[in-house]
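Understanding the architecture of this molecule
Single-letter residue listing:
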Amino acid sequence: MRDKDDSKADGGGLLWTQLRKFVNLIDELRDLGLQEHINLPRIAVLGTQSSGKSSVLESIVGLDFLPRGDGVVTRRPLELRLHHLQENATPWAVFEEVKGKKFTNFTEVRNTIEELTDKTAGEKKGIVDEPIVLTIFSYTCPDLTLIDLPGITRIPLKGSDQPTNIEEITTEMAKRYCGDDRTIILCVIPANIDLTTSEALKYAQDWDKHQVRTVGVITKLDIMDSGTNAKRALTNQEVFLKLGYVGVKNRSQQDILNKTGVQSGLDIEKEWFSNHPVYRTLPKDCYGTDTLTHKLSRIMYAHIRTSLPEIIKEVEEKLKSVEERLRDLGPSLPVNASQRMQLMWSMVNTFINSFRNKITGKFDMKSMKQKIDKHQSTLSGGAKIKSVFFDLYKEYAGDYKVTNVLQDKDIERAIILHEGDDLSGFPTVEVFYYLIQPEIEKLKEPAINCLLDVYYYLEEMAHTIINKTFARFPSITGELMAIIQQIMGEERDKTKYIVESLIESQIGYMFTNDAEYNGKRTDIIPKADTGERATDSTKIYVKEMRARIDTYYRLIIRNIRDAVPKIVGCFLVRAIQDKMQLELAARLAKNDQVNALMSEPPSVAEERKRLTLTRDVLKKALKAMQRDPE
């Protein structure tokens, strides 16, 4: 309840005026359904069973309207949207679930809360997380939105529908609200328990790690043991909360039985505090329902102002994400068969362009829909293919000597073997062929592996793009991918034949125009060390044979390390890009199953409908927030 002097203390009522605008904005966003997608600022009332939560709420509202009784009374979260009216205006209320009815009798409001609770949670004390939305307009209440949560309960009531894990259920429900960083926690703690043993306060500390959004409310100060008081707790000297504590004196059960109204109870509370020997000496911001209301109003005002820029940013990002997904899903599937085929050709062209752009590295707006990780270390597309080419025969680069695998005796044996019955001392070229051909043969496997690595990567890339392009038609992706694999497989086999032929040509016909190699063809005898005996010609031949084999092998490596990537790039990568569109079109035209498979599963249509509704909510919310509430 606001005093008449409050507006003067708050700069001509500016705070209250701005707070009303902010609260109304947040309520409008909730009405639009934004809470389903973005967390909004709110105040959640947290407390254990029978901690006095209902009495605190009624005192804040200034009206007697909440159900009372034994056991768990609040069995559905109650979202209270409070709107302050001019002084002495008739209070009234509306329920979101009761369309078209305006309540002016708050006893009827209480009965309706009970009816709506029983309707959803059952009449046997069941608890469900489906909020009742109640909007109250009254001169006795501030402009705030509060959510009254079911009290955390340890033991289920006998004869009720409450499960044995009622404590877990009520705790998890409270956590879903209070664990949200945009929720102010109004933690209600009875004064007749030790603050350090309060379960509600412990949960608040767990869910608000930095203690920056929890306000402590200490109730039942009037029933503390004689000679004790809550001075240390109220002055924040026991369990520290950044936002502090406020002590309140609720109406007692006898007051309620005696029909003592809320307004009378507030007057009794003021008199009680002003006459208490301890509490009257404390600062005014430590006690009283008026103090609590003002505190919550200021906190909520600052909280909404701080949160709005973040909420706007989240809505913009969410809207962008939803619109991108809707573009991916595309419009609803045409009914006409020719229009469906036209749509399919359009999507095939999208696939072809994305596939080509991925390989060539061309900027593709469609591929930019997903966030790019600037620190990503994994290559993709054409860069990935090029990295495979660079790795080919890398171990043979530099001053590699293939004859390191041969011992002198292996070469000597080859010389003797190929002399036959001819005159000794004249090694033939057959020795060269005999020794180098097995090593050239070993080059075939890496070349084929290079081809297959590129092929499998292209296949994987095509599979990823086709699934993304035809995400709304999953039944057709298998048929399309089978055709694509067939086209790519044909080019792979052609390329494999060319690669194998290249290696075979190196084995079957040895030749070089390399000037350095050909210039050494008469250097055999001059290479002999001066210290060697002239009669030991075999060692000279072995040494020269090593040099010849190593030099020629390096020439082969240099040539095929360039030639294999060129062959794979030309006859596989480029050929697939060039032939994919025409071949795909020709083969699809002959495939009778494609048109039949061009249908959306119900889940895609449902997702499009859901995302369209979400987009509308986000757009309306963004428009509402872009109106300056100040």
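Residues numbered from 1 in each chain as written. Predicted model: local features only at pLDDT ≥ 70, side-chain atom pairs only at ≥ 80, totals over all residues. Heavy atoms only, no water.

1. Focus: the overall build of the protein
Regarding its fold elements, the protein presents 20 helices and 8 strands. Scored against the burial criterion, the 630 residues of the protein give a buried share of 47%. A separation threshold of at least 6 residues defines the contact pool for the protein, and within that pool the share at least 24 residues apart is 80%. Carbon and sulfur atoms make up 50% of the accessible area of the protein, which amounts to about 32500 Å² in all. (Helix = DSSP H or I, 4+ residues; strand = E, 2+ residues; numbered from the N terminus. Buried < 20%, exposed > 50% of the residue type's maximum accessible area, 1.4 Å probe, protein only. Contact = heavy atoms within 4.5 Å. Areas by Shrake-Rupley, 256 points an atom, 1.4 Å probe, with all protein chains shown as cover.)

2. Details of empty space enclosed by the protein
Applying the stated criterion across every chain yields a total of 2 cavities of 30 Å³ or more. Mapped onto the lining of the largest cavity, the elements with two or more residues apiece are α3 (53–61) and α9 (262–275). Within the lining of the largest cavity, the residues separate by chemical class into 2 nonpolar, 4 polar and 4 charged. Volume-wise, the second largest cavity comes out at about 30 Å³. Lining the second largest cavity are Val23, Ile26, Arg30, Pro41, Leu144, Thr145, Met300 and Ile304. Elements represented by at least two residues in the lining of the second largest cavity include exactly α2 (14–32), β5 (144–148) and α10 (289–329). When residues in the lining of the second largest cavity are grouped by element, the largest group, 3 residues, is from α2. (1 Å grid on protein atoms, 1.4 Å probe; cavity = no way out; pocket = protein on both sides within 12 Å on 5 of 7 lines; lining within 4 Å. Points joined across faces, edges and corners; volume = space filled by probe spheres on them. Nonpolar A, V, L, I, M, F, W, Y, C, P; charged D, E, K, R; others polar.)

3. Describing the confidence of the model for the protein
A residue-level look at the protein finds 87% of positions with pLDDT of 70 or above and a mean pLDDT of 84. In this model residues 1–12 is a low-confidence stretch, pLDDT under 50, and it forms 23 contacts with partners more than four residues away in sequence or in other chains. Counted against residues more than four places away or in other chains, residues 368–375, with its pLDDT under 50, gives 5 contacts. (pLDDT = per-residue confidence, 0-100.)

4. Here we look at the packing of helix α14 (residues 429–441) against helix α16 (residues 474–508)
Describing two packed helices takes the angle between their axes plus the distance from one axis to the other. Here α14 crosses α16 at 170°, and the two axes come no closer than 9 Å. It follows from the interaxial angle that α14 and α16 lie roughly antiparallel. Facing Gln437, Ile440 and Glu441 of α14, the residues of α16 in contact are Ile503, Gln506 and Ile507. Taken together, the residues that form the contact of α14 with α16 break down as 3 nonpolar, 2 polar and 1 charged. (Axes fitted to C-alpha atoms, helices over the stretch in contact; angles between N-to-C directions. Parallel < 35°, antiparallel > 145°, perpendicular 65-115°, else oblique.)

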